[in-house]
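Results of the structural survey
One letter stands for each residue in the lines below.
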Amino acid sequence: MTAPSSCVSDAVRSRLSVRAFLPEPVPPALIRDLLAQAARAPSGGNLQPWHIDVLAGGALAALRARMRERLAPGAQPEAPAYDIYPPALPEPWRTRRFAIGEAMYARLGIPREDKAARLRWFARNFDFFGAPLALMCSVDRRMGPPQWSDLGMFLQTLMLLLREHGLDSCAQECWALYPQTVAGFLQWPADRVIFCGMAIGRRDPAHPVNGVRSERAPLDAWARFHGC
Ligand SMILES: Cc1cc2nc3c(=O)[nH]c(=O)nc-3n(C[C@H](O)[C@H](O)[C@H](O)COP(=O)(O)O)c2cc1C
């Protein structure tokens, strides 16, 4: 039996989606090391179905520039890679989604009526919220829900390891709205499909958006205990 560690609990508690970053770079050796460690995440049949593209420096600047073109007024939208949410999101999920959006825009002082300002904020996703490093996370199209879930486990493992090193992150499925741009930019083979992007860096503690604390449904709303 190995000694229990409080590191995981600390990382779980302190992780949150960070949406404003300081410009200080993430050391390339560190990100390589953390990705390699995150690959200890389990996967059904040990398929390890994740594909990760790491972007920083000139490559990241080039993707940002490409996205500025894609988001320019009059530019055509793309067919999303997948439905980010089920159509007509039912309760209780609809309310949860609404609540986190309203909590964020309240922090930012952007009222509901100011659709233009909300859209401008949303577009910051495609600047990775100013992060110095970003990931694009994809899987082979032949993979199904179990393998997409494996990718999710990999990403959570990585996000917790990042916390251990004082780094922050925001997973970003909004990138699934621009699958052709991303695949073309990264020269992916045709059988690859995007799951999400991820912004990585150190949080800007002064930015109000990083003060958002998302709520969680109480345990008894989603867990049932049988024989215990
Ligand atoms: C797979 C995934 C994709 C996400 N995509 C986005 C996104 O595109 N933009 C964004 O601002 N937040 C995104 N988020 C962050 C969620 O909104 C956030 O995890 C949720 O509100 C809970 O907040 P917390 O991460 O601060 O605990 C994503 C999270 C996950 C896990």
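Residues numbered from 1 in each chain as written. Predicted model: local features only at pLDDT ≥ 70, side-chain atom pairs only at ≥ 80, totals over all residues. Heavy atoms only, no water.

**So, the site of the ligand**
Taken together, the neighbourhood of the ligand is formed by 15 residues, with R15, S17, R19, E173 and R216 sitting nearest. C174 places a polar main-chain atom, nitrogen or oxygen, 3.0 Å from an oxygen atom of the ligand. The fraction of the free accessible surface of the ligand (620 Å²) that becomes covered by protein chains is 73%. Residue classes in the shell around the ligand are distributed as 7 nonpolar, 4 polar and 4 charged. (Near = heavy atom within 4 Å. Polar contact = N/O pair within 3.5 Å; in protein donor to acceptor, adjacent residues only side chain to side chain. Areas by Shrake-Rupley, 256 points an atom, 1.4 Å probe, with all protein chains shown as cover. Nonpolar A, V, L, I, M, F, W, Y, C, P; charged D, E, K, R; others polar.)

**Examining the packing of aromatic side chains**
Considering all chains together, one arrives at 9 aromatic pairs under this definition. Aromatic pair F122 and F126: ring centres 5.8 Å apart, planes at 80°, arrangement edge-to-face. With a centroid separation of 5.3 Å and an interplanar angle of 80°, the aromatic rings of F126 and Y178 are classed as edge-to-face. Within this pair, whereas F126 is found in the loop between α5 (115-123) and β2 (133-140), its partner Y178 is found in the loop between β3 (168-172) and α7 (179-186), the two being separated by 52 residues in sequence. The pair formed by F126 and Y178 is uniform in burial state, with each residue classed as buried. Pairwise contacts between aromatic rings join F122, F126, F128, W175 and Y178 into one cluster. (Phe/Tyr/Trp six-rings, centres within 6.5 Å; stacked < 30°, edge-to-face > 60°. Helix = DSSP H or I, 4+ residues; strand = E, 2+ residues; numbered from the N terminus. Buried < 20%, exposed > 50% of the residue type's maximum accessible area, 1.4 Å probe, protein only.)

**Brief notes about unusual backbone geometry**
Residue P92 is reached from E91 by a cis peptide bond, and omega for that bond is 5°. Take P92: it is sitting in the loop between α3 (57-70) and α4 (93-108). Look at Q48: it is not a glycine, yet its phi comes out positive at around 50°. One can find Q48 in the loop between α2 (28-38) and β1 (51-56). Residue classification places Q48 among the partly exposed residues on the basis of a relative accessible area of 38%. The phi torsion at F128 lies on the positive side, around 55°, for a residue other than glycine. You can see F128 is positioned in the loop between α5 and β2.

**Observations regarding a nonpolar patch on the surface**
A cluster of nonpolar side chains, contributed by L219, W222 and F225, occupies part of the molecular surface with about 360 Å² of accessible area. Here F225 lies in the segment after β4 (192-201). (Patch = residues over 30% accessible without salt bridge, like charges linked within 9 Å, V, L, I, M, F, W, Y side chains within 5 Å. Salt bridge = Lys/Arg side-chain N within 4 Å of Asp/Glu carboxyl O.)

**Let's talk about the pairing of β2**
Moving residue by residue along a regular strand, the side chains alternate between the two faces of the sheet. β2 sits mainly inside the fold: 8 of its 8 residues count as buried. Here β1 pairs with β2 via 6 bridges, running antiparallel. Bridge pairing in β2 links D53 to M136. Here β2 runs beside β4; their pairing, made up of 8 bridges, is antiparallel. Looking at the pairing, M136 lines up with G197 of β4. (Pairing = 2+ DSSP bridges.)

**Looking at the pairing of β3**
For β3, the tally of buried residues reaches 4 of 5 residues, placing the bulk of the element in the interior. As judged from the 5 bridges shared by β3 and β4, these two strands associate in the antiparallel manner. If you follow S169 over to β4, its bridge partner there is I200.

**Quick look at the sheet that holds β2**
Strand order in the open sheet made by the 4 strands is β1-β2-β4-β3, with antiparallel pairing throughout. One side of each edge strand has no neighbouring strand; the edge strands of this open sheet are β1 and β3. Sheet twist, expressed as the average angle between the axes of neighbouring strands with direction ignored, equals 25°. With respect to the sheet, α7 is in contact with β1, β2 and β4, its orientation differing from that of β1 by roughly 80°. (Axes fitted to C-alpha atoms, helices over the stretch in contact; angles between N-to-C directions. Contact = heavy atoms within 4.5 Å.)

**Some words on the layout of surface pockets**
The calculated volume of the second largest pocket comes to roughly 160 Å³. Every residue lining the second largest pocket is counted, 13 residues in all, and those nearest its centre are R141, P179, Q180, A183 and R192. If you list the elements that add at least two residues to the lining of the second largest pocket, you get α7 and β4. Taken together, the residues that form the lining of the second largest pocket break down as 10 nonpolar, 1 polar and 2 charged. (1 Å grid on protein atoms, 1.4 Å probe; cavity = no way out; pocket = protein on both sides within 12 Å on 5 of 7 lines; lining within 4 Å. Points joined across faces, edges and corners; volume = space filled by probe spheres on them.)

By themselves these figures say nothing about function.
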